[in-house]
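Spelled out from the first residue to the last, the chains are:
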Amino acid sequence: MEFKSEENKLTTMAGVEFLKYSGAKVVLAHPTLLKRDVFESLIKLNFDGIEAKYYRNKENETEYFIEVAKKKGIVYTAGSDFHSLKKNDLKHGTLGQIYLEEEEIKEFLKMF
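Residues numbered from 1 in each chain as written. Predicted model: local features only at pLDDT ≥ 70, side-chain atom pairs only at ≥ 80, totals over all residues. Heavy atoms only, no water.

Engineer: Which residues make up helix α3 (residues 61–72), and what are the values?
Structural biologist: Along its 12 residues, α3 runs 16 Å from first to last C-alpha, staying within 8% of the 16 Å computed at 1.5 Å per residue. When we look at burial in α3, the residues that qualify are Glu-61, Phe-65, Ile-66, Val-68 and Ala-69. Along the axis of α3, the buried residues cluster in a sector spanning 155°; they form a single face. For α3, the exposed residues lying more than 90 degrees away from the buried face are Lys-70 and Lys-71. Looking one or two residues past α3, Gly-73 carries a phi angle of roughly 70°, positive in sign. (Helix = DSSP H or I, 4+ residues; strand = E, 2+ residues; numbered from the N terminus. Expected span 1.5 Å × (residues − 1). Buried < 20%, exposed > 50% of the residue type's maximum accessible area, 1.4 Å probe, protein only. Arc of directions from axis to C-beta.)

Here you go:
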């Protein structure tokens, strides 16, 4: 496994493995913001989950990312990418706007 890139920074693979070694659950956040070829490369890493439900998903992406999670046998999460109560930043959605349904939450909790 390669741990550093040319810029002498930790590679994504090494970061994922370090987090998992430390006991973390690692979820690929807002994959819709990635170019498809970058996503297809990254999702091969040892992620525990993928943020399939996201405010900025394009048409059919939620279903696509849920299918990817199911095929890989990993969980999927939901998020608005909410950062702060201090400013009105709606470009990421509002708190609670994107969520998992009850059955989805039960599946998510099985990860723990």
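Engineer: How would you explain the packing of aromatic side chains if you had to name every residue and give the values?
Structural biologist: On inspection of all chains with the given rule, the structure shows three aromatic pairs. Note on Phe-39 and Phe-65: the rings are 5.2 Å apart at their centroids and 65° apart in plane angle, and the pair reads as edge-to-face. Here Phe-39, found in helix α2 (residues 36–42), pairs with Phe-65, found in helix α3; they are 26 residues apart in sequence, far enough to count as distant. Classification of Phe-39 as buried rests on a relative accessible area of 2%. For Phe-65, a relative accessible area of 1% corresponds to the buried category. Clustering of aromatic rings is evident, with ring pairs tying together Phe-39, Tyr-64 and Phe-65. One residue, Arg-36, lies across the ring of Tyr-64, its end atom 4.2 Å from the ring centre. (Phe/Tyr/Trp six-rings, centres within 6.5 Å; stacked < 30°, edge-to-face > 60°. Lys NZ or Arg CZ within 6 Å of the ring centre and 35° of its normal.)

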